[in-house]
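Notes for the structure review
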Amino acid sequence: MKKKFWLVSLLFSVLLLVGCGRSTADQSVLKNAEASKTITWGVKGDVKLFGLIDVRDGQQKGFDVDMAKLITKKILGPKGKAIFVTTTSQSRIPLLKNGNVDAVIATMSITPERKKTIDFSHSYFDAGQSLLVPANSKIKSTRDLNGKTVIGVVGANSVQNIKAKAPKAKVIELQDYAQAMNALKSHQGDALTTDNGILYGLAVENPGYEVRGGTFTKEPYGVAVNKGQKSFTRAVDKAVLEIQHDGEYNQLIRKWFGDVPGFNYKELYRR
Ligand code: GLU
């Protein structure tokens, strides 16, 4: 009888502990953010228009960075502070999973593969994959890539996409977009491939290079959050919707993409 009692109470305590563990895991990111009034974001540091470190003040700047600041204020109020950690396409998921950042907003496409290990907010930006080539290149679209060398970035899904779309192209992968652009400029490849917005950012900085072939994939960007953080994901979703409804979103689109030659930024507007 006594033994049974101990067994039952042991089982009860274990269940209680498991239950508590779950609920803290579910609430911790949002709760910690509310307590510290800060959200730590993983953003790009080498992607003009989305997340680029300004050498004059060392700050990351771009559409993703501004979105992170707005989302932070919506969730935590006007005193809420956004802290930025620079990530690459390859390091963003490990940084998130290790808890170095609370969320990632870094030109990151929502894909079924990634959804197996992390969660995403609703999509906050519609990108699509394209090609960047020298202005005198004969490459007009992915159909012209047979036997050509295409440069991509490690950790970007653009690499898998181009292998599927142009199986006869040779694909090389570099660490980040700055290195990828340098490789294109030094003729180590015939084209650079990633999302159109990123390529337009590179074209702005590098006269003599053009974005070609329209978009051949859909790349909806999402805010990446760890699994088990439902309350935080919901808060991000709500914030993104508010930003879109009250017009701040379209203002940001105009701010970052309004002056980019050849980029139809009005297509990106959301109401
Ligand atoms: N959107 C693509 C991705 O999530 C390419 C851009 C990037 O490398 O961040 O992989």
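One numbering rule holds for all chains: residues counted from 1, following each sequence as written. Note on the predicted model: pLDDT of at least 70 is required for a residue's local features to be given, and 80 or more for side-chain atom pairs to be given and counted; whole-chain, interface and lining totals, by contrast, use all residues. Heavy atoms from the whole structure form the basis of all side-chain values; hydrogens and water molecules are not counted.

With respect to the overall build of the protein
Basically, it comes down to this: Working definition: helices are DSSP H or I runs of at least four residues, strands are E runs of at least two. Numbering for both runs from the N terminus. Relative accessibility thresholds used throughout: buried, under 20% of the residue-type maximum; exposed, over 50%; partly exposed, between the two (1.4 Å probe, protein chains only). It only takes one pair of heavy atoms within 4.5 Å for two residues to be counted as in contact. Accessible areas in this description were obtained via Shrake-Rupley with a 1.4 Å probe; residue shielding takes into account the shown protein chains only. The charge count includes Lys and Arg as positive and Asp and Glu as negative, but it does not include His or the ends of the chains. Charge placement uses NZ in Lys and CZ in Arg. For Asp and Glu, CG and CD serve respectively.
Helices and strands together make up the secondary structure of the protein, namely 9 helices and 15 strands. Evaluated residue by residue, the protein yields a buried proportion of 51% over its 271 residues. For the protein, long-range pairs separated by at least 24 residues make up 70% of all intrachain contacts whose partners lie at least 6 apart in sequence. Approximately 14000 Å² of the protein is accessible, and the part contributed by carbon and sulfur atoms is 56%. The average position of the 40 basic charges and that of the 25 acidic charges among the side chains of the protein differ by 6 Å.

Thoughts on the site of the ligand
Convention followed: The rule for a residue being near a molecule or strand is that one of its heavy atoms must lie within 4 Å of it. Residues are called lining when one of their atoms sits within 4 Å of a cavity or pocket point, these points coming from a 1 Å grid over the protein atoms alone, where a cavity is a set in which a 1.4 Å probe fits but cannot get out and a pocket is an open set with protein on both sides within 12 Å along at least five of seven lines. The way we define it, a molecule is inside a pocket or cavity when more than half of its atoms are within 2 Å of that pocket's grid points. Gly counts as polar in this scheme, as do all residues outside two lists: the nonpolar Ala, Val, Leu, Ile, Met, Phe, Trp, Tyr, Cys and Pro, and the charged Asp, Glu, Lys and Arg.
Near the ligand, the surroundings consist of 17 residues, among which Lys 44, Ser 89, Thr 107, Tyr 177 and Asp 195 are the closest. Here the ligand loses 100% of its free accessible area of 280 Å² to cover by the protein chains. Given that more than half its atoms are within 2 Å of the pocket grid, the ligand belongs to the largest cavity. A breakdown of the residues in the shell around the ligand according to their chemical character gives 6 nonpolar, 7 polar and 4 charged.

Digging into helix α6 (residues 177–185)
Selection rule: The directions from the helix axis to the C-beta atoms form the arc being described. N or O atoms within 3.5 Å of each other form a polar contact, as long as, within protein, one can give a hydrogen and the other can take it, and as long as residues adjacent in sequence are counted only when both atoms are side-chain atoms.
By the burial criterion, the buried members of α6 are Tyr 177, Ala 180, Met 181, Ala 183 and Leu 184. Take α6 and look down its axis: the buried residues cluster within an arc of 160°, on one side only. Its side-chain oxygen at 3.1 Å from the backbone nitrogen of Ala 178, Asp 176 defines the N-terminal cap of α6. Directly beyond the C-terminal end of α6, a positive phi value near 60° is found at His 187.

Section: the sheet that holds strand β5 (residues 81–87)
Quick note on the threshold: One bridge is not enough; two strands pair if DSSP finds at least two bridges between them.
With respect to topology, 5 strands assemble into an open sheet ordered β5-β1-β6-β15-β7, the strand pairing being mixed. At either end of the open sheet lies a strand with only one pairing partner, and these are β5 and β7 (118–120). Pairing of strand β6 (residues 103–104) with strand β15 (residues 224–226), which is carried by 2 bridges, proceeds in the antiparallel orientation. Paired with Ala 103 across the two strands is Val 225, which belongs to β15.

Digging into the sheet that holds strand β2 (residues 46–47)
Spatially, β2-β3-β4 is the arrangement adopted by the 3 strands of the open sheet, whose pairing is antiparallel. With one partner strand each, in any of the chains shown, β2 and β4 (59–61) form the two edges of the open sheet. Direction of pairing for strand β3 (residues 51–54) relative to β4: antiparallel, over a ladder of 3 bridges. Pairing of Ile 53 across the sheet is with Gln 60, part of β4.

Topic: the nonpolar core
Within soluble globular proteins, side chains that are nonpolar generally end up buried alongside one another. Our working definition: For this analysis, a nonpolar core means a set of buried residues of the types Ala, Val, Leu, Ile, Met, Phe, Trp, Tyr and Cys, connected via side-chain atoms within 4.5 Å.
If you look at the biggest cluster of nonpolar residues, it comprises 58 residues, and the most contacted ones within it are Trp 41, Phe 63, Ile 71, Ile 75, Phe 125, Leu 132 and Phe 257. In terms of residue count, the dominant contributor to this core is helix α2 (residues 63–76) (7 residues). If we skip the residues at most four places from it in the chain, Leu 132 touches Met 181, Leu 184, Ala 191, Leu 192, Leu 199, Leu 202, Ala 203, Tyr 209, Glu 210 and Val 211. Val 133, Leu 145, Val 150 and Phe 216 belong to the second-largest nonpolar core, a separate cluster that totals 12 residues.

Quick word on the side chain of Arg 270
Along the chain, Arg 270 turns up in the segment after α9 (248–257). Leave out the neighbours within four places in its chain, and Arg 270 touches Ser 123, Tyr 124, Phe 125, Asp 126, Gln 244, Tyr 249 and Asn 250.

Overview of the environment of Phe 263
Note on placement: Phe 263 falls in the segment after α9. The sequence separation of Phe 263 and Gly 247 amounts to 16 residues, and the corresponding C-alpha distance is 20 Å. In contact with Phe 263, not counting residues within four places along its chain, are Asn 196, Gly 197, Tyr 200, Phe 257 and Leu 268.

As for unusual backbone geometry
We note that Leu 49 has phi near 85°; this positive angle belongs to a residue other than glycine. Mapping Leu 49 onto the fold places it in the loop between β2 and β3. Even without a glycine there, the phi angle at His 187 is positive, about 60°. By the secondary structure assignment, His 187 is in the loop between α6 and β12 (191–195).

Description of the packing of α2 against α9
Packed helix pairs are characterised by how far apart their axes lie and by the angle those axes make with each other. Our working definition: Here an axis means a line fitted to C-alpha atoms, over the contact stretch when the element is a helix, while the angle between two N-to-C directions is reported on a 0 to 180 degree scale. What sets the label is the angle itself: under 35 degrees gives roughly parallel, over 145 gives roughly antiparallel, 65 to 115 gives roughly perpendicular, and the rest give oblique. Note: crossing handedness is left-handed where the near helix turns anticlockwise from the far helix by less than a right angle, and right-handed where it turns clockwise.
Two numbers describe how α2 lies on α9: the axes approach to 10 Å, and their chain directions differ by 160°. When the interaxial angle is binned, α2 and α9 end up roughly antiparallel. Considering how the two elements wind past one another, α2 and α9 form a crossing that is right-handed. Here Phe 63, Asp 66, Met 67, Leu 70 and Lys 74 of α2 come into contact with α9, specifically with Glu 248, Tyr 249, Leu 252, Ile 253, Lys 255, Trp 256 and Phe 257. Residue composition of the contact of α2 with α9, by class: 8 nonpolar, no polar and 4 charged.

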